[in-house]
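Structural features, examined
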Amino acid sequence: MFAAHLSVTIIGMRTGASNITEPLVWLPIGVALGAFLIGGLRFLPAVLFSSVIGMQWLEGLTLAGRLATALSGTAAPAMAAMFLVRYARFQPELERVRDLAWLLVVGIPLASALNAVGVTIAFLCCGDLEIDPTPFWASWALAGTVGSTILTPTALLGWAIPQRPLRLLQWAELATLVTCLTVACMSAIFLATDRPVLAPLAAIATLPLAITISLRFDRLGAAATGLVGSVVLLVAAVTGNGPFDPMLSSERLHALLGLWGFVLALQAMATLLGVSVAANNRQTAEIATVAARLRQVVDAAKLGSWQFDRARRTTHANPRFATMLGTAEALMVGRTVREVVSERQREEACRRIEQAIARGAGDVELECARDDGGIAWLQLHVTALADGGAIAAVEDLAERRREEAERLRLETNILHAQRLESLGVLSGGVAHDFNNIVMGIRGNAGLLRIRDAANELTRECTDRIDAACERAAALVATLLAYAGCGPFAIERLSLDRSVREAVESARIATPRGGRIVLLESDQDLQLDADPNHLRQLLLAVISNAAEGLAPSGGIVQVGCKALPVERREQTSVAMAEISVTDDGCGMDAATVERVFEPFFSTKGLGRGLGMSAALGIAKRLGGSIEIDSRVNGGTTVRIVLPIVGTHENGAHRNDMTPLVPSRRPIAVVVEPEVSVRDLIVAVLQIRGFSVREERTLERALSVTSQQPAALIVADGGRSVSHTLDCVRQARHAGLAVPLVLTTEGRDTLVLHPEDPQTVWISRPFGVRDFLDAVDATQRTHTVA
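Read on for a plain summary of the structure. (Residues numbered from 1 in each chain as written. Predicted model: local features only at pLDDT ≥ 70, side-chain atom pairs only at ≥ 80, totals over all residues. Heavy atoms only, no water.)

A few points about the packing of helix α17 (residues 531-547) against helix α19 (residues 610-620)
Formally: To get an axis, a line is fitted to the C-alpha atoms, and for a helix only the part in contact is used. The angle between two axes follows their N-to-C directions and goes from 0 to 180 degrees. Helix and strand definitions here come from DSSP, where helices need a minimum of 4 consecutive H or I residues and strands a minimum of 2 consecutive E residues; each element is numbered from the N-terminal end. The labels follow the angle: roughly parallel below 35 degrees, roughly antiparallel above 145, roughly perpendicular from 65 to 115, and oblique for the rest. Left-handed describes a crossing whose near helix is turned anticlockwise from the far helix by less than a right angle; the clockwise case is right-handed. The contact criterion used throughout is that any non-hydrogen atoms of two residues lie within 4.5 Å. Gly is placed with the polar residues, together with every amino acid not listed as nonpolar (Ala, Val, Leu, Ile, Met, Phe, Trp, Tyr, Cys and Pro) or charged (Asp, Glu, Lys and Arg).
Axis separation between α17 and α19 bottoms out at 9 Å; the angle between their running directions is 140 degrees. As summarised for this structure, α17 and α19 are arranged oblique, according to the angle between their axes. Every pair of crossing elements has a handedness; the one defined by α17 and α19 is left-handed. On α19, the residues touching His-533, Gln-536, Leu-537, Ala-540, Val-541 and Asn-544 of α17 are Gly-610, Met-611, Ala-613, Ala-614 and Ile-617. Per-class residue counts for the contact of α17 with α19 are seven nonpolar, four polar and no charged.

Shown next as structure tokens:
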């Protein structure tokens, strides 16, 4: 910018600026104004230095006058630039048309007028010429305004041209257009010397080129056009016998001034057109960006877009809306609303759409005809447009209805699970109370057998009572297994052996003609489980499969294998799958959903507890049960259970030979159930104990530490872990009294080898079981 200002200043002064009509006096003003608008006052020293150098060739002024003129040529554009930036919020990129208007209407005239004031004062005070101040100021200001109109926008556009990735062919196109424009402008000027008639024609020929360059390359084209105008005028000014020769006649001078005005108008037009095109391109890009973002939002929201005109004919439809109607996007354009809506709802739907458009916006549900012959239920969110048409966001109600159906299915499953859970809690509670009743009956029958052992009739009655209690206890165990709180005595078991034993037991009850086939496994799979419960689980599933065979016979295939890693659902635990497949009658979907409900059975004499208890046992072991069945297509039940490696189980039960109790030892009893407490007290008294009762186990342990006792019999309560903590703390404090703890079996029964004086028994228990437990504690206490 400094070099440009210096060069145009020197050129302007060297061409004879003593003539007040000299056209090149505006060159430094235009470059200086552009410099200050681009870089601010930091360009002030450079512009001032170049002005001082250039003004040394200005004739008719003393040294002080040249310095004053240089100062005015620097201060005037600086003041104009400060005004534009501060008050007009001027942006040198000229991205807004208003910036160009402020520059042409305010900035350039203001800089030229202020500069003309300084030059006029310099000539009046320090000049050798006699001048009339007003015409001199007006001529100088007019020359600066007209000339800066070309050079200032050119400088700004040349600085603000964006980095455009033009290809080589585009650069060649721009160079060709600029060359043609330069030739046309030069021809327009020099043809005016001898052929004034051709000058307007040549000038008019430049307009299409200037417009083409500005439209094709926007601000880049405008800068090129301004540069051409500046070069042409510069060449015309410095050429000998050129158009600005002061000896020209007034007629030719007027003609050339008009041609000069044309070139100025050409530059102004090109600049305005380039800025407008750039602004339009920017707005178009922003609109395209917003439109693309809106399309992305609509697509992300899974909405269709449908636009139709005043005649209710489709003008636009996005691919999602076309997919909703089973057609292509291009085939939707031109269809009327009546053609889209199904015939059954056509009149009513069109009426509701018109009402929504009349209100400005509204929601309308439509039944539309798909191109494949189907029906699409759509909801339109209609918004009226200014031209009488409308645009609608379209939502596919089929997806919503599928989601609602899925949500309803999940809610149904949750309610079903809650109902099963409630039944489990109810079963556990019923089993708890029923256990106490059965234990009272069974215990008193045992007492009756002991007290009247010589009476054979009494023994027969008590045996029948005991057998009935055994069946009742088995039913209670089934309920507890369903509730997930049955008594579990965990052992290391061979899965293959357990399955084989269950198959052998199930074959006894297999209907005639049916066969149970055991698929041999080459893997030795082992798991930790209660053997009785695992057997109950396998028998329930295999027996159900056998009962589902046709009367003419069938096959039940039973096999077990380890699950591969990819089939373990979000767990790293090794799992085994026991599959039970039959070719019987199968079940429909409704029956499959209710298989695990307690008391649900498709057999007339069934109790409906087998599969529900099997599911409770599987869950307690950390597994699951899956059923795949089709009507008349057989059923496959898959039992998935966690397995472990092989382990040698060398644990042996200690000899529980009853011992003769000591003379009148004290036994502390903690039992909240009256009937059970009376039974325990009676048995202990028969064994020779003196009984003392306490309310809680903690109280019994505390009292025994102060008043020694030979035995404590206590209910383990609902929290076995809490009971174990109490016993562990008492043992740590030095309490060595034997303990018999009873439990409902709600947690796994854990044998503690480090505490042989603590024996657990599961309720309901018989008198013989209780006496064995008492004798075991007394024997270990005696040995200790």
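So, the pattern of salt bridges
Using the following cut-off: We define a salt bridge as a contact between a side-chain nitrogen of Lys or Arg and a carboxyl oxygen of Asp or Glu at a distance within 4 Å. Throughout, exposure labels follow a simple rule: accessible area from a 1.4 Å probe, protein chains only, divided by the maximum for the residue type, with under 20% read as buried, over 50% as exposed, and the rest as partly exposed.
Here the structure, examined in full by the defined rule, presents 13 salt bridges. Among the ionic pairs, Arg-98 bridges to Asp-99, the shortest N-O distance being 3.9 Å. For Arg-98, a relative accessible area of 38% gives the class partly exposed. Across the salt bridge formed by Glu-348 and Arg-351, the nearest N and O atoms sit 2.3 Å from each other. Of this pair, Glu-348 and Arg-351 both sit in helix α13 (residues 346-359), three residues apart, which is roughly one turn of the helix. Overall, the relative accessible area of 35% leaves Glu-348 in the partly exposed class. In this structure Arg-351 comes out as partly exposed when scored by relative accessible area, which is 41%. In this structure, a network of salt bridges that share partners links the residues Glu-348, Arg-351 and Arg-352.

Regarding the nonpolar core
In plain terms, the rule: Definition used in this section: a nonpolar core is a set of buried Ala, Val, Leu, Ile, Met, Phe, Trp, Tyr and Cys residues joined via side-chain atoms within 4.5 Å.
Membership of the largest hydrophobic core comes to 40 residues, with the highest contact counts inside it found for Leu-537, Val-558, Ile-625, Ile-639 and Leu-641. A per-element tally of this core places α17 first, with eight residues. Each residue touching Ile-625, except ones within four places of it in the same chain, is listed here: Leu-537, Phe-596, Ala-614, Leu-615, Ala-618, Val-637, Arg-638 and Ile-639. Met-332, Val-341, Cys-350 and Ile-353 belong to the second largest nonpolar core, which has 26 residues in total.

Remarks on the packing of aromatic side chains
We count it as follows: Only centres within 6.5 Å qualify two rings of Phe, Tyr or Trp (six-membered ring in Trp) as a pair; their planes then separate them into stacked at under 30 degrees, edge-to-face at over 60, and tilted for everything else. Only Lys NZ and Arg CZ are tested; either one counts as a charge over a ring when it is within 6 Å of the ring centre and within 35 degrees of the ring normal.
Across all of its chains, the model carries four aromatic pairs by this definition. Their ring planes at 40 degrees and their centres at 5.3 Å tell us that Phe-83 and Tyr-87 sit as a pair that is tilted. Of this pair, Phe-83 and Tyr-87 both sit in helix α4 (residues 63-87), four residues apart, roughly one helical turn. We classify Phe-83 as partly exposed; its relative accessible area is 30%. The exposure class assigned to Tyr-87 is exposed, which follows from its relative accessible area of 60%. With a centroid separation of 5.2 Å and an interplanar angle of 65 degrees, the aromatic rings of Trp-306 and Phe-308 are classed as edge-to-face. No difference in accessibility class separates Trp-306 from Phe-308, as the two residues are buried. In this arrangement the basic side chain of Arg-216 is found over the ring face of Phe-217, its NZ or CZ atom lying 5.2 Å from the centre.

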